[in-house]
Amino acid sequence: PRPILLTRHGESQYNVRGRIGGDSVISDSGELYSKKLANFVEKRLKNERAASIQWRVLDEINAGVFDGLTYEEMKKNMPEEYEARKKDKLRYRYPRGESYLDVIQRLEPVIIELERQRAPVVVISHQAVLRALYAYFADRPLKEIPHIEMPLHTIIEIQMGVSGVQEKRYKLM
Ligand code: G3H
């Protein structure tokens, strides 16, 4: 069986400041993780030749008008939006942005590719996207997806064998 490795990018400045959105620069600690991750992948997949591609479809959930704000600011400026999201995080669509359901739908080609691929794959992406991908492989129910814990600086290795799916976690820092 070949592994699929899922990981979030290293800690970002937005992560540090509790800001929503996926287009932030990496913090020093995030930078360190990127080096550790590269080392890990090199050792774990040493005999593999891997192509590296950047895929827009792996971008973070689009937070629309709330991109770059904190949850506090969202709550203060637009409390009804904040409450609507809290009530139904799966279906809530950010104004001019996406919902988790939108993200799940846009990931369909990624899942098809991951299923088809015979070689090991490393997916480096964002929290909401990884929740959705992980839920697919770990067979977790739709309603849980927005609440799945997806820690930073951790690699989730998924092995799909004949006897089902196995999972290992490596916390690098
Ligand atoms: O900035 C976006 C976050 O990674 C998504 O987290 O859906 O739990 O607010 P959230």
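Structure: above.
Residues numbered from 1 in each chain as written. Predicted model: local features only at pLDDT ≥ 70, side-chain atom pairs only at ≥ 80, totals over all residues. Heavy atoms only, no water.

Draft legend 1. The arrangement of helix H2 (residues 28-44) in detail. Look at H2: 24 Å from first C-alpha to last across 17 residues, which is about the 24 Å you get at 1.5 Å a residue. Among the residues of H2, Gly30, Tyr33, Leu37 and Phe40 are the ones counted as buried. All buried residues of H2 fall inside an arc of 75 degrees around its axis, so they share one side. Looking at H2, the residues exposed on the side facing more than 90 degrees away from the buried face are Asp28, Lys35, Glu42 and Lys43. At its buried positions, H2 is contacted by strand E1 (3-8), strand E2 (121-125), strand E3 (154-161) and strand E4 (164-171). (Helix = DSSP H or I, 4+ residues; strand = E, 2+ residues; numbered from the N terminus. Expected span 1.5 Å × (residues − 1). Buried < 20%, exposed > 50% of the residue type's maximum accessible area, 1.4 Å probe, protein only. Arc of directions from axis to C-beta. Contact = heavy atoms within 4.5 Å.)

Draft legend 2. The nonpolar core, seen in detail. By size, the foremost hydrophobic cluster in this structure holds 34 residues, and its most contacted members are Leu6, Tyr94, Leu107, Val123 and Leu133. Within the residue set of this core, elements represented by two or more residues are E1, helix H5 (100-106), helix H6 (108-116), E2, helix H7 (127-138) and E3. Every residue in contact with leucine 107, bar those within four places of it in the chain, is listed here: Val57, Leu58, Val129, Ala132 and Leu133. (Core = buried A, V, L, I, M, F, W, Y, C linked by side-chain atoms within 4.5 Å.)

Draft legend 3. Seen up close, the sheet that holds E4. Pairing in this open sheet of four strands is mixed, and the strands run E2-E1-E3-E4 from one edge to the other. Looking at strand neighbours, the two that pair on one side only are E2 and E4, the edges of this open sheet. For this sheet, the mean inter-axis angle between neighbouring strands, taken without regard to orientation, is 20 degrees. Pairing analysis gives five bridges linking E1 to E3, with the strands arranged antiparallel. Along E3, the bridge assignment pairs proline 3 with glutamine 159. (Pairing = 2+ DSSP bridges. Axes fitted to C-alpha atoms, helices over the stretch in contact; angles between N-to-C directions.)

Draft legend 4. Main features of the site of the ligand. All residues adjacent to the ligand are Ile20, Gly21, Glu60, Tyr71, Arg85, Lys89, Tyr100, Gln127 and Arg131. Within the side chain of tyrosine 71, one N or O atom sits 2.3 Å away from an oxygen atom of the ligand. In this structure, an oxygen atom belonging to the ligand sits 2.6 Å away from a side-chain N or O atom of lysine 89. If the ligand stood free it would expose 310 Å²; the protein chains cover 90% of that surface. Residue composition of the shell around the ligand, grouped by class: three nonpolar, two polar and four charged. (Near = heavy atom within 4 Å. Polar contact = N/O pair within 3.5 Å; in protein donor to acceptor, adjacent residues only side chain to side chain. Areas by Shrake-Rupley, 256 points an atom, 1.4 Å probe, with all protein chains shown as cover. Nonpolar A, V, L, I, M, F, W, Y, C, P; charged D, E, K, R; others polar.)

Draft legend 5. A look at the packing of aromatic side chains. What the rule picks out here adds up to four aromatic pairs. Between the aromatic rings of tyrosine 136 and phenylalanine 137, the centroid separation amounts to 5.0 Å while the plane-to-plane angle is 85 degrees, which identifies the pairing as edge-to-face. Of the aromatic side chains, those joined through ring pairs into one cluster are Phe66, Tyr92 and Tyr94. (Phe/Tyr/Trp six-rings, centres within 6.5 Å; stacked < 30°, edge-to-face > 60°.)

Draft legend 6. Seen up close, unusual backbone geometry. One non-glycine residue, arginine 96, lies in positive phi territory at about 60 degrees. By the element assignment, arginine 96 lies in the loop between helix H4 (79-87) and H5. Arginine 96 gets classed as exposed once you look at its relative accessible area, which sits at 76%. Backbone geometry places histidine 153, a non-glycine residue, at a positive phi of 60 degrees. Its relative accessible area of 7% is what places histidine 153 among the buried residues.

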